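Secondary and tertiary structure notes
The residues making up each chain are set out below.
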Amino acid sequence: MIELGRHTKSRRDILDKVERISEVDVFACYQCGRCSGDCPSINLMDIMPNQAIRFLQLGEVEAVLSSKTIWVCASCFTCTSRCPKGIDIARVLEALRQVCLRKNIDQLDLNNIPEEERERYPTIAWVSALRKLSG
Ligand code: SF4
Ligand code: SF4
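What counts and how
Residues numbered from 1 in each chain as written. Chains lettered and ligands numbered in written order. Predicted model: local features only at pLDDT ≥ 70, side-chain atom pairs only at ≥ 80, totals over all residues. Heavy atoms only, no water. Helix = DSSP H or I, 4+ residues; strand = E, 2+ residues; numbered from the N terminus. Expected span 1.5 Å × (residues − 1). Buried < 20%, exposed > 50% of the residue type's maximum accessible area, 1.4 Å probe, protein only. Core = buried A, V, L, I, M, F, W, Y, C linked by side-chain atoms within 4.5 Å. Near = heavy atom within 4 Å. 1 Å grid on protein atoms, 1.4 Å probe; cavity = no way out; pocket = protein on both sides within 12 Å on 5 of 7 lines; lining within 4 Å. Sits in = over half its atoms within 2 Å of the grid points. Nonpolar A, V, L, I, M, F, W, Y, C, P; charged D, E, K, R; others polar. Points joined across faces, edges and corners; volume = space filled by probe spheres on them. Phe/Tyr/Trp six-rings, centres within 6.5 Å; stacked < 30°, edge-to-face > 60°. Lys NZ or Arg CZ within 6 Å of the ring centre and 35° of its normal.

As a further point, take helix 7 (residues 89–102). The end-to-end C-alpha distance of helix 7, which contains 14 residues, comes to 20 Å, matching closely the 20 Å that a straight helix rising 1.5 Å per residue would cover. Those residues of helix 7 lying buried are Ile89, Ala90, Val92, Leu93, Ala95, Leu96, Arg97 and Val99. In the segment just after helix 7, Lys103 is the residue with positive phi, at about 60 degrees.

Structure, rendered in structure tokens:
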């Protein structure tokens, strides 16, 4: 059961990841609805794009992650081009897909790797591994 308006640590962590991947501040949205107005996939969605952003603001991350919306989005960027606040909603939806595919599981944590082991490999190798193995 999702509690409205609550940002538990795990929800906050997921939202942080979505904002980090998309480089979008979802709290800049003021719910004008223009992003949803011209979305070509709207009839296939269970949550409209502006509602998805609102759910994120309310901490209801799971509702968005489990929605059809993020998968039927055609990545056409119409919503992004309509937003008066310059919010790149298409990138937010892409970030949500990535979080889903990665399952939000960190299989690699550099804090658990001894320093001498870390120094054996080039930084780029660690960056690459973190991209693939962290949620
Ligand atoms: S167009 Fe932008 S400000 Fe308006 S509801 Fe959509 S994301 Fe929010
Ligand atoms: S990018 Fe996705 S959410 Fe945005 S208008 Fe296109 S189909 Fe709709």
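Counting 28 residues, the largest nonpolar core has Val18, Val26, Leu56, Ile89, Val92 and Leu96 as its most contacted members. Mapped by element, the contributors of at least two residues to this core are helix 1 (9–22), helix 3 (49–57), helix 4 (61–65) and helix 7. It is helix 7 that contributes the most residues to this core, 7 residues altogether.

Another aspect to go through is the site of ligand 1. Inspection of the region around ligand 1 gives Cys29, Tyr30, Gln31, Cys32, Gly33, Cys35, Asn50, Cys83, Pro84, Lys85, Ile87 and Ile89 as its neighbouring residues. When each cavity is represented as a set of grid points, ligand 1 is found to reside in the largest cavity. Of the residues in the shell around ligand 1, the class split is 8 nonpolar, 3 polar and 1 charged.

Below, the discussion takes up empty space enclosed by the protein. By the definition in use, this model includes 2 cavities of 30 Å³ or more. Every residue lining the largest cavity is counted, 13 residues in all, and those nearest its centre are Cys29, Cys32, Cys35, Cys83 and Ile87. Taken together, the residues that form the lining of the largest cavity break down as 9 nonpolar, 3 polar and 1 charged. In this structure, the second largest cavity occupies an estimated 70 Å³ of space. Cys39, Pro40, Ser41, Met45, Pro49, Cys73, Ala74, Ser75, Cys76, Thr78, Cys79 and Leu93 are the residues that line the second largest cavity. Counted by class, the lining of the second largest cavity contains 9 nonpolar, 3 polar and no charged residues.

Here we come to the site of ligand 2. Contacts to ligand 2 come from 14 residues, most closely from Cys39, Cys73, Ala74, Cys76 and Cys79. Its atoms largely coinciding with the cavity grid, ligand 2 occupies the second largest cavity. The set of elements that each furnish at least two residues to the shell around ligand 2 consists of helix 6 (78–82) and helix 7.

One pass over the structure, following the stated rule, counts 1 aromatic pair. Judged by centre distance (5.8 Å) and plane angle (85 degrees), the ring pair of Tyr121 and Trp126 falls under edge-to-face. Of note, Lys85 hangs over the ring of Tyr30, and the distance from its end group to the ring centre comes to 5.6 Å.

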